[in-house]
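Residue-level structural notes
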Amino acid sequence: MMALPGGRHLDSIPLPGQRLHLMQVDSVQRWMEDLKLMTECECMCVLQAKPISLEEDAQSDLILAGGPGPGDPLQLLLKRGWVISTELRRIGQKLAQDRWARVHSMSVRLTCHARSMVSEYSAVSRSSSQEMGQLEKLLMEKCSELSAVTERCLQVENEHVLKSMKACVSETLSTLGRHFGQLLELALTREVQALVRKINASDNIYTTESTTGNLFSLTQEGAPLCRIIAKEGGVVALFKVCRQDSFRCLYPQALRTLASICCVEEGVHQLEKVDGVLCLADILTDDSHPEATRAEAAAVVAQVTSPHLPFTQHLGSFLESMEEIVTALIKLCQEASSGEVFLLASAALANITFFDTMACEMLLQLNAIRVLLEACSDKQRVDTPYTRDQIVTILANMSVLEQCASDIIQENGVQLIMGMLSEKPRSGTPAEVAACERVQQKAAVTLARLSRDPEVAREAVRLSCMSRLIELCRSPSERNSSDAVLVACLAALRRLAGVCPEGLQDSDFQQLVQPRLVDSFLLCSNMEESFV
């Protein structure tokens, strides 16, 4: 299964837009923005005649000294929402520790935050509603109730009474959190509706660009906001943009936003309702579109065919356009001018091979093996373990086809697979280490499947694949102590030993091949750094 590092979408494939977003908001700028959220402004506590806490964790109290800029309701909701959510979580932690003084002082601050959010949002929101007013009233009532009950707890010394009051405080806190969540969701829904209406009504390229950018920023806040955007017509509005020639320069931004929204089931369902797959196929097969636009379309395809998301497997409309999409993606891999473009196109192909078995036959007919193996020698296109993970995923899924073996031999693919068994991380980051493990595991799986063909098995033995597989089995550090790599290597070694048993020493045969697979696994998984 495919998994890459970085963003939440495309199963951790770092999309270009996400990297751009991170570059635009660098660490210093983000620190400057968050600084005002973390200052120790205790004026509200003083107004409530409460002492400033001297406890060791008081330095981490979140007090919003200044809000977002005027007229920016979305940022106001997101920042105030983050502070209140964090405060609710911390109150729960202090309550579990029976630290009543802290629980009360934090409850007072929580009330101040909630009151500020309600008043500030009312000042900048476009209109009010009865439902919003009711939720605001319920929230403030529960805040006052929480402050009052926690203050009473400070006066109680009897442990049995405190225990019963603790249950009451916990229930009040839970109800308060629920009211806050409902209010925040309703307010964010209203703001998303306004953005979607603006996109639908606009024929101005600058207005549409700005509004689409705001929508993309919201998708980076997590799956709940993506669900709201999908439910409120965001997918429909973005595909409307992608179907207008006058907005062609905005296609990459709109597609990037769509890829983010389609991490949730509601987004994929909306995509299918508006024939989004057909629109993606049209973009991918139209060479008049810049490479960047087609790469973003490939990213959406990769997202909606992700094997990690169960709801994408029921995308019936995809099968109708699959041949066109696969052909266009192979072409994009072949012509990619950068590693990023190749990564997105190959990731989409890798996911499609999980999505439907017909895709592997199509790839075989399109000489995909030659295209992919040639790309491996081009450092401009294939320069990271994440990209090699996509390539070996495709090879592993294609290797179930009998004809695949002859194509692999013809393109010297066994040597490339052998090299993947030695994949090592350069940076040592957890994401890169995990990617290297996947490359090793899938390379061993591919080798085991291809070794059904005696010619492939003999070539693998000639290239010393058996020695490398034994090393991976016996040396935990070579496989980063990965059990998945170990199982795959044992299976591949046994397949090769069945064709060329003379390539093994007696000790290797007796420990790694002859016993049951589970016994060999237990032996190797408990093995120290030794080849004895």
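Residues numbered from 1 in each chain as written. Predicted model: local features only at pLDDT ≥ 70, side-chain atom pairs only at ≥ 80, totals over all residues. Heavy atoms only, no water.

1. Quick word on the overall build of the protein chain
Applied cut-off: The way it works is that DSSP assigns letters per residue, a run of H or I at least four long becomes a helix, a run of E at least two long becomes a strand, and they are numbered from the N terminus. Here's how the labels work: a residue is buried when its accessible area is under 20% of the maximum for its type, exposed when over 50%, partly exposed in between, all with a 1.4 Å probe on protein chains only. Surface exposure here means Shrake-Rupley accessible area, sampled with a 1.4 Å probe, where a residue is shielded only by the protein chains that are shown.
Assigned secondary structure in the protein chain consists of 27 helices and zero strands. Per-residue burial for the protein chain yields a buried fraction of 53% across its 532 residues. Accessible surface, the protein chain: about 23,700 Å² in total, of which carbon and sulfur atoms supply 52%.

2. So, helix 8 (residues 205-219)
We count it as follows: Any helix carries an expected span of 1.5 Å times its number of residues minus one. Counting of polar contacts relies on pairs of N or O atoms within 3.5 Å, with two restrictions inside protein: one atom must be capable of donating a hydrogen and the other of accepting it, and residues adjacent in sequence are counted only when both atoms are side-chain atoms.
With 15 residues, helix 8 should cover 21 Å at 1.5 Å per step; its first-to-last C-alpha distance of 21 Å lies within 8% of that length. Residues of helix 8 that are buried: Thr208, Thr211, Thr212, Gly213, Leu215, Phe216, Leu218 and Thr219. A side-chain oxygen of the first residue of helix 8 lies 2.8 Å from the backbone nitrogen of tyrosine 206; this N-cap is asparagine 204.

3. Focus on empty space enclosed by the protein
Where empty space is left becomes clear once a probe the size of a water molecule has been rolled over the atoms. The line we're drawing: A pocket, in this scheme, is an open set of points on a 1 Å grid over the protein atoms alone with protein on both sides within 12 Å along at least 5 of 7 lines, while a cavity is a set where a 1.4 Å probe fits but cannot get out; residues line either one if an atom lies within 4 Å of a point. Grid points are joined across faces, edges and corners, and a volume is the space filled by probe spheres set on the points.
With the rule as written, the count across this model stands at one cavity of 30 Å³ or more. Lining the largest cavity, in full, are Leu77, Met117, Val118, Tyr121, Met132, Glu136, Leu183 and Ala187. Broken down by element, the residue count for the lining of the largest cavity peaks at three residues, all from helix 5 (residues 100-124).

4. A closer look at the state of the cysteines
Our working definition: Disulfides are defined in this document as cysteine sulfur pairs within 2.5 Å.
Under the definition given, this model contains zero disulfides. The thiol of cysteine 143 is unpaired, and the distance to the nearest cysteine sulfur, on cysteine 112, comes to 9.5 Å. Cysteine 143 sits in the buried class, given a relative accessible area of 1%.

5. Observations regarding the packing of helix 15 (residues 316-335) against helix 18 (residues 368-376)
Selection criterion: Working convention: axes come from line fits to C-alpha atoms, limited for helices to the stretch in contact. Angles between N-to-C directions cover 0 to 180 degrees. With respect to orientation, any angle under 35 degrees is reported as roughly parallel, any angle over 145 as roughly antiparallel, any angle of 65 to 115 as roughly perpendicular, and every other angle as oblique. If you view the pair so one helix is near and one far, a crossing is left-handed when the near helix is turned anticlockwise from the far one by less than a right angle, and right-handed when it is turned clockwise. Two residues qualify as a contact provided that any one of their heavy atoms is within 4.5 Å of a heavy atom in the partner residue. Residue polarity is assigned by list, with Asp, Glu, Lys and Arg as charged and Ala, Val, Leu, Ile, Met, Phe, Trp, Tyr, Cys and Pro as nonpolar; anything else, Gly included, falls into the polar class.
Remark: helix 15 packs on helix 18, axes separated minimally by 10 Å, with the N-to-C direction vectors making an angle of 25 degrees. Comparing the axis directions of helix 15 and helix 18 gives the class roughly parallel. Here the hand of the crossing between helix 15 and helix 18 comes out left-handed. Together, Ile330, Cys333 and Gln334 of helix 15 and Ala368, Arg370 and Val371 of helix 18 make up the contact between the two elements. Looking at side-chain class alone, the contact of helix 15 with helix 18 contains four nonpolar, one polar and one charged residues.

6. Some details on the side chain of threonine 257
The topology assignment puts threonine 257 in helix 11 (residues 251-261). Here threonine 257 falls in the buried class, since its relative accessible area comes to 0%. Apart from residues lying up to four places away in sequence, threonine 257 is in contact with Thr212, Leu215, Phe216, Thr219 and Leu238.

7. Examining the packing of aromatic side chains
The condition that has to hold: Within 6.5 Å between ring centres, the rings of Phe, Tyr and Trp (the latter by its six-membered ring) count as paired, and their orientation is classed by plane angle as stacked under 30 degrees, edge-to-face over 60, tilted in between.
With the rule as written, the count across this model stands at one aromatic pair. Ring centres of phenylalanine 318 and phenylalanine 355 lie 5.1 Å apart, and the angle between their planes is 75 degrees; this geometry places the pair in the edge-to-face category. Separated by 37 residues along the polypeptide, phenylalanine 318 in helix 15 and phenylalanine 355 in helix 16 (residues 339-355) bring together distant segments of the chain. Like phenylalanine 318, the residue phenylalanine 355 is buried in the burial classification.

8. Description of the environment of serine 377
Along the chain, the position of serine 377 falls in the loop between helix 18 and helix 19 (385-398). Note on serine 377: relative accessible area 64%, which makes it exposed. Placed 39 residues apart in sequence, serine 377 and leucine 416 show a C-alpha to C-alpha distance of 9.4 Å. For serine 377, the side chain forms a polar contact with the main-chain oxygen of glutamate 374, separated by 2.7 Å.

9. Some thoughts on the packing of helix 26 (residues 506-513) against helix 27 (residues 517-525)
It is the contact of helix 26 with helix 27, at a shortest axis distance of 7 Å, that shows an interaxial angle of 110 degrees. Our classification of the angle between helix 26 and helix 27 gives roughly perpendicular. Listed contacts from helix 27 to Gln511, Leu512 and Val513 of helix 26 are Ser520, Leu523 and Cys524. Looking at the contact of helix 26 with helix 27 residue by residue, the classes come out as four nonpolar, two polar and no charged.

10. Topic: the nonpolar core
The line we're drawing: The definition of a nonpolar core used throughout is a set of buried Ala, Val, Leu, Ile, Met, Phe, Trp, Tyr and Cys residues joined through side-chain atoms within 4.5 Å.
In this structure, Leu255, Leu271, Val301, Phe318, Ile325, Leu329 and Ile352 are the most contacted members of the largest nonpolar core, which totals 157 residues. When residues in this core are grouped by element, the largest group, 15 residues, is from helix 7 (residues 159-201). Setting aside residues no more than four positions away along its own chain, isoleucine 352 makes contact with Val301, Thr305, Phe318, Met322, Ile325, Val326, Leu329 and Ala359.

11. Structural notes on the pattern of salt bridges
This is how the line gets drawn: What makes a salt bridge here is a side-chain nitrogen of Lys or Arg within 4 Å of a carboxyl oxygen of Asp or Glu, nothing more.
Applying the stated criterion across every chain yields a total of 19 salt bridges. As a salt-bridge pair, lysine 142 and glutamate 145 come within 3.1 Å of each other at their nearest N and O atoms. With lysine 142 and glutamate 145 both in helix 6 (residues 130-155) and three residues apart, this pair spans about one turn of that helix. As a salt-bridge pair, arginine 248 and aspartate 245 come within 3.7 Å of each other at their nearest N and O atoms. Note on aspartate 245: relative accessible area 58%, which makes it exposed. One salt-bridge network, in which partners are shared between bridges, spans Lys424, Arg468, Glu471 and Glu478.

12. A short note on unusual backbone geometry
With phi around 55 degrees, asparagine 367 is a residue other than glycine that occupies positive phi space. Within the secondary structure, asparagine 367 sits in the loop between helix 17 (358-365) and helix 18. Using a relative accessible area of 40% as the deciding quantity, one classes asparagine 367 as partly exposed. Of note in the backbone geometry, asparagine 412 takes a positive phi value of approximately 55 degrees without being a glycine. Looking at the element boundaries, asparagine 412 is found in the loop between helix 20 (402-410) and helix 21 (413-420).

13. Topic: the environment of alanine 347
Within the element layout of this structure, alanine 347 appears in helix 16. Along the sequence, alanine 347 and alanine 299 sit 48 residues apart, while their C-alpha atoms lie 8.0 Å from each other.

14. What to know about the confidence of the model for the protein chain
The test is simple: pLDDT is defined as a per-residue confidence score from the predictor, taking values between 0 and 100.
On average, residues of the protein chain carry a pLDDT of 84, and 85% of them reach 70 or more. For residues 1-24, every residue scores under 50 in pLDDT, and the model assigns this stretch 81 contacts once sequence neighbours within four places are set aside. Note on residues 39-70: pLDDT is under 50 here. Beyond four places in sequence and across chains, it has 53 contacts.

15. Considering the side chain of glutamate 423
You can see glutamate 423 is positioned in the loop between helix 21 and helix 22 (430-450). For glutamate 423, the side chain forms a polar contact with the side chain of arginine 388, separated by 2.9 Å. If sequence neighbours within four positions are ignored, glutamate 423 has contacts with Pro385, Arg388, Cys436, Val439 and Gln440.

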